[in-house]
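Residue strings, one per chain:
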Amino acid sequence: MTSPALRKERIGITHAAQLLGVRVTEFKDALQHGRDLRGHAPPQPIVRGAGSNGTQMLFLLGDVMDVAELMANS
């Protein structure tokens, strides 16, 4: 079990993809086209367009961890 404060931490798409065990391109494709990610709904970004180039997405660590756990258990 993780602390509530840790679950609210923001992570980028690269770290989210690593936690989910998928390639960044696979993750981005699922998000852009509204597809499942290996049979599960992908975590949705809380921020789009962050960063210097305006293309970065940020996710809540807790949301990513929840999906990663579902993917690992199936």
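Above: the structure in question.
In what follows, the accompanying structure is described. What you are looking at is a predicted structure, and each value in this text was computed from that prediction instead of being measured. (Residues numbered from 1 in each chain as written. Predicted model: local features only at pLDDT ≥ 70, side-chain atom pairs only at ≥ 80, totals over all residues. Heavy atoms only, no water.)

Description of the packing of helix α2 (residues 13-20) against helix α3 (residues 24-33)
It is the contact of α2 with α3, at a shortest axis distance of 9 Å, that shows an interaxial angle of 100°. In terms of orientation, α2 and α3 fall into the roughly perpendicular class. For the pair α2 and α3, the contacting residues are Ile13, Thr14, Ala16, Ala17 and Leu20 in the first and Val24, Phe27, Lys28 and Leu31 in the second. For the contact of α2 with α3, the class distribution of residues is seven nonpolar, one polar and one charged. (Axes fitted to C-alpha atoms, helices over the stretch in contact; angles between N-to-C directions. Helix = DSSP H or I, 4+ residues; strand = E, 2+ residues; numbered from the N terminus. Parallel < 35°, antiparallel > 145°, perpendicular 65-115°, else oblique. Contact = heavy atoms within 4.5 Å. Nonpolar A, V, L, I, M, F, W, Y, C, P; charged D, E, K, R; others polar.)

Concerning α3
Among all positions in α3, only Phe27, Ala30 and Leu31 are buried. Viewed end-on, α3 has its buried residues packed into an arc of 95°, placing them on one side of the element. Along α3, the residues that are exposed and aim more than 90 degrees away from the buried face are Thr25 and Gln32. Downstream of α3 by one or two residues, glycine 34 has phi in the positive range, about 65°. (Buried < 20%, exposed > 50% of the residue type's maximum accessible area, 1.4 Å probe, protein only. Arc of directions from axis to C-beta.)

Comments concerning the nonpolar core
Leu20, Val22, Phe27, Leu37 and Phe59 are the most contacted members of the largest nonpolar core, which totals 17 residues. When residues of this core are traced back to their parent elements, those giving at least two are α2, α3, β3 (56-60) and α4 (61-73). When residues in this core are grouped by element, the largest group, five residues, is from α4. (Core = buried A, V, L, I, M, F, W, Y, C linked by side-chain atoms within 4.5 Å.)

Structural notes on the environment of histidine 40
Take histidine 40: it is sitting in the loop between α3 and β2 (47-50). Histidine 40 sits in the buried class, given a relative accessible area of 17%. Distance in space between the C-alpha atoms of histidine 40 and methionine 71 is 7.0 Å, their sequence separation being 31 residues. Beyond its immediate stretch of four places on either side in the chain, histidine 40 contacts Leu70, Met71 and Ser74. One polar contact links histidine 40 to serine 74, side chain to side chain, over a distance of 3.1 Å. (Polar contact = N/O pair within 3.5 Å; in protein donor to acceptor, adjacent residues only side chain to side chain.)

What to know about the packing of α2 against α4
In the contact formed by α2 and α4, the axes pass within 9 Å of each other and the chain directions differ by 25°. With respect to their mutual orientation, α2 and α4 come out roughly parallel. α2 and α4 meet at a crossing whose hand is right-handed. Residues Ala16, Leu19 and Leu20 of α2 lie in contact with α4, whose contacting residues are Leu61, Val64, Val67, Ala68 and Met71. (Left-handed = near helix turned anticlockwise from the far one by under 90°.)

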